[in-house]
Amino acid sequence: MEGKTRSIQDIIQEQVQNWERRQSEKQAKVRYPTITISRQPGSPGRQLAEALAARLGYEIYHRKLLHAMAESAEISPALLETMDEKRGHFLDRWITKTASEKHLWPEEYRELLRTVILGVGEKGKAIIVGRGANFILPPQGRLRVRIVASRELRIEHLAQEYELSWREAERRVKSEETDRKAFTRKYFQADWEAPENYDLVINMDRIVLDGVVELVCEAIKRVEVTLQTETSAAAPRLNRGG
């Protein structure tokens, strides 16, 4: 039994390492950035993601979707195979394991989540909301956005969006704050609120949604330029085999 447990962990790590190695060996091609959005409970992170997706043509990956992808045994293999066509071996082992055990240890969940988010990042043109994606994606081609607002504004926003009383919305904000801090500590040993974990921290008390969209779009243009410059510079080295 112990050997089987090590085997699945080794398979996961091996696949991630193989994927990372293949990326360094591939000839340069057009690459697209990925935006991660972390937000305080009650701040309009979801609305920002939707507005950015409409503006940029990016696809949204919400935390619930990523959670389901990394934990559900009933996920369609085709969904993850589109991220990396060479992961079929790993995918079969994963589905067999999760289907039989119906429980993932924290380390297993973190590795599966990491694999999923890396796959999304590889494709690019993606907006990942939550799930600690800013702690997982490599620096190249990512833009880590953090949305904050005063507690009063967040409670008001949550109460309006879900038709809650002020007290109910306040309880929900506090509960979600606790949950998100605990998630980040548990899986990434990191401070969810530390500004150094983000590239762009925006206070929604001072800027309306349209203004935030403009800021993020301007920032992602700069990320795109840097990414394409790095990719072009790498092409001669790869072609020479160096």
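Small disclaimer: the values here were computed from a predicted structure and weren't measured.

Thresholds, definitions, all that
Residues numbered from 1 in each chain as written. Predicted model: local features only at pLDDT ≥ 70, side-chain atom pairs only at ≥ 80, totals over all residues. Heavy atoms only, no water. Helix = DSSP H or I, 4+ residues; strand = E, 2+ residues; numbered from the N terminus. Buried < 20%, exposed > 50% of the residue type's maximum accessible area, 1.4 Å probe, protein only. Contact = heavy atoms within 4.5 Å. Areas by Shrake-Rupley, 256 points an atom, 1.4 Å probe, with all protein chains shown as cover. pLDDT = per-residue confidence, 0-100. Salt bridge = Lys/Arg side-chain N within 4 Å of Asp/Glu carboxyl O. Core = buried A, V, L, I, M, F, W, Y, C linked by side-chain atoms within 4.5 Å.

1. Some details on the overall build of the protein
- Secondary structure summary: the protein contains 10 helices and five strands in total.
- Of all 242 residues assigned to the protein, the portion counted as buried reaches 45%.
- Residue pairs in contact within the protein that sit at least 24 positions apart in sequence constitute 75% of those at least 6 positions apart.
- In the structure as shown, the protein presents an accessible area of about 13,300 Å², 50% of it carried by carbon and sulfur atoms.

2. Quick look at the confidence of the model for the protein
- Mean pLDDT over the protein works out to 76, with 64% of the residues at or above the 70 mark.
- Across residues 1-6 the pLDDT falls below 50, and counting only partners more than four positions away or on other chains, this stretch makes zero contacts in the model.
- Overall, residues 72-102 carries pLDDT values under 50, and its contacts beyond four positions in sequence, including any with other chains, amount to 46 contacts.

3. Quick word on the pattern of salt bridges
- Enumeration over the complete set of coordinates arrives at 11 salt bridges.
- Of the charged contacts, one joins Arg46 and Glu161 as a salt bridge, the two residues approaching to 1.9 Å between their closest N and O atoms. With a gap of 115 residues between them, Arg46 in helix H2 (residues 45-56) and Glu161 in helix H8 (residues 151-162) connect regions that are remote in the sequence.
- Take Arg46: its relative accessible area is 33%, and that puts it in the partly exposed class.
- In this structure, Glu177 engages Arg151 in a salt bridge whose closest nitrogen and oxygen atoms are separated by 2.4 Å. Residue Glu177 is located in helix H9 (residues 166-188), and its partner Arg151 is located in helix H8; the two are separated by 26 residues in the primary sequence.
- Connected through salt bridges with shared partners, the residues Arg46, Glu50 and Glu161 form a single ionic network.

4. Comments concerning the nonpolar core
- Counting 22 residues, the largest nonpolar core has Ile35, Ile37, Leu52, Ile127, Val145, Ile147 and Val216 as the members making the most contacts within it.
- Among the elements of the structure, strand E1 (34-39), H2, strand E3 (126-129), strand E4 (142-148) and helix H10 (209-240) are those that each provide at least two residues to this core.
- For this core, the leading source of residues is H10, giving seven residues.
- Those residues in contact with Val216, other than ones at most four positions away along the chain, are Ile35, Leu52, Leu143, Val145, Leu200 and Ile202.
- In this structure, Tyr61, Tyr109, Ile128 and Phe188 belong to the second largest nonpolar core, which totals 15 residues.

5. So, the side chain of Thr34
- Here Thr34 shows up in strand E1.
- The contacts of Thr34, once residues within four sequence positions are left out, are Val120, Gly121, Gly124, Ala126, Ile128, Leu137, Gly141, Arg142 and Leu143.

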